[in-house]
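What follows is each chain in one-letter form.
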Amino acid sequence: MAQTGKSDYFKRTSLFWIIAVTLAVGHFSVIVFAPEVFPFAYLGPYGTFCQYLQENYSNALYILWLLAFAVHVAEALISLVLCSNKGITSGTARFLWFFQTFLFGMTSLGLLINHVKLKAVDAMMARPDFFRAVGFSKCIAGILFVGVFTSLAFAPELLPLSCLGPLGSFFRHLVDNNSDGLINFWWFLLGLHVAEACLALRVCKEKGIGDGTARFLWFLQTLVFGYFSMGMLFDYQPDRPKQK
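Please read these numbers as outputs of a predicted model, since none were measured by experiment.

> Before we move on, could you go through the overall build of the protein and cite the residues and values that matter?
Regarding its fold elements, the protein presents 11 helices and 0 strands. Across its three principal directions, the C-alpha atoms of the protein cover 65 × 45 × 30 Å. Relative to its 244 residues, the protein shows a buried fraction of 33%. Across the protein, every contact between residues at least 6 apart in sequence was considered, and the portion connecting residues at least 24 apart equals 70%. Accessible surface computed for the protein: about 14,700 Å², of which carbon and sulfur atoms make up 68%.

Okay, here's the thing in structure tokens:
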């Protein structure tokens, strides 16, 4: 990894975000500009949701696509300003930050924003009991998602669908037409979160987090919030003792 403070500093965004953002952008662009080639019928409840949006809110999707494009352009320009502020003067490095941020947005810009500060934070926190809680906004978003999705799958009568406008109509459509798919997808997400939580224990071991309480907290937090927690653990880069 490139060291902080260098005029040619550049750090590639993680492979996870490269794949995730590429799939999201490609998926969204196809729905907006070429929905006839999108395999709605093969994606279960999610395909139904995408088709519902395309058929009823095509103009809104187009505007949202243009807005997302404009946001990525703005973030790419901001990256050039940050490069100047952080002493990154190499033309190649500045172009790489601009291009990467244009493609991957905040997943790139966040690395640049954290440049210089990251080493100091990691050095301070390089200890066996290291733990960092998920941010409040992500915590609320995760709890709401899990609660709403669980209710849709197992107890839709508890949700005030009639009070949620178009979103409630879509949820009602899913419950009435894809109830088995919702339940199967719920179990799939549960299995995925369990796998992420088990992976968190392995990553703790690799990063020198040996305290039992800290490892349990990482396991539990990742089980509940998935990659919101796992991403912070991946980003933790403690200083390694120098080999003699």
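On we go from here.
> Tell me what's going on with the packing of helix H1 (residues 15-33) against helix H3 (residues 58-85), and back it up with residues and numbers.
Between H1 and H3, whose axes approach to 9 Å, the crossing angle comes to 140°. Of the possible angle classes, the one that applies to H1 and H3 is oblique. The element H1 and its partner H3 pack so that their crossing is left-handed. Between H1 and H3, the contacting residues are Phe28, Ser29, Ile31, Val32 and Phe33 on the first element and Leu61, Tyr62, Leu64 and Trp65 on the second. Considered class by class, the residues forming the contact of H1 with H3 number 8 nonpolar, 1 polar and no charged.

> An account of the pattern of salt bridges is needed here, citing residue identities and associated values.
The final tally for this structure, using the stated rule, is 2 salt bridges. When the shortest N-O distance is used, the salt bridge between Arg172 and Asp176 registers 3.8 Å. Taken as a pair, Arg172 and Asp176 lie in helix H8 (residues 165-177) at a separation of 4 residues, close to a single helical turn. We classify Arg172 as partly exposed; its relative accessible area is 38%. The salt bridge partner of Arg202 is Glu206, with a shortest N-O separation of 3.5 Å. Here the residue Arg202 and the residue Glu206 both occupy positions in helix H9 (residues 179-206), the gap between them amounting to 4 residues, near one helical turn.

So, how was this worked out
Residues numbered from 1 in each chain as written. Predicted model: local features only at pLDDT ≥ 70, side-chain atom pairs only at ≥ 80, totals over all residues. Heavy atoms only, no water. Helix = DSSP H or I, 4+ residues; strand = E, 2+ residues; numbered from the N terminus. Buried < 20%, exposed > 50% of the residue type's maximum accessible area, 1.4 Å probe, protein only. Contact = heavy atoms within 4.5 Å. Areas by Shrake-Rupley, 256 points an atom, 1.4 Å probe, with all protein chains shown as cover. Axes fitted to C-alpha atoms, helices over the stretch in contact; angles between N-to-C directions. Parallel < 35°, antiparallel > 145°, perpendicular 65-115°, else oblique. Left-handed = near helix turned anticlockwise from the far one by under 90°. Nonpolar A, V, L, I, M, F, W, Y, C, P; charged D, E, K, R; others polar. Salt bridge = Lys/Arg side-chain N within 4 Å of Asp/Glu carboxyl O.

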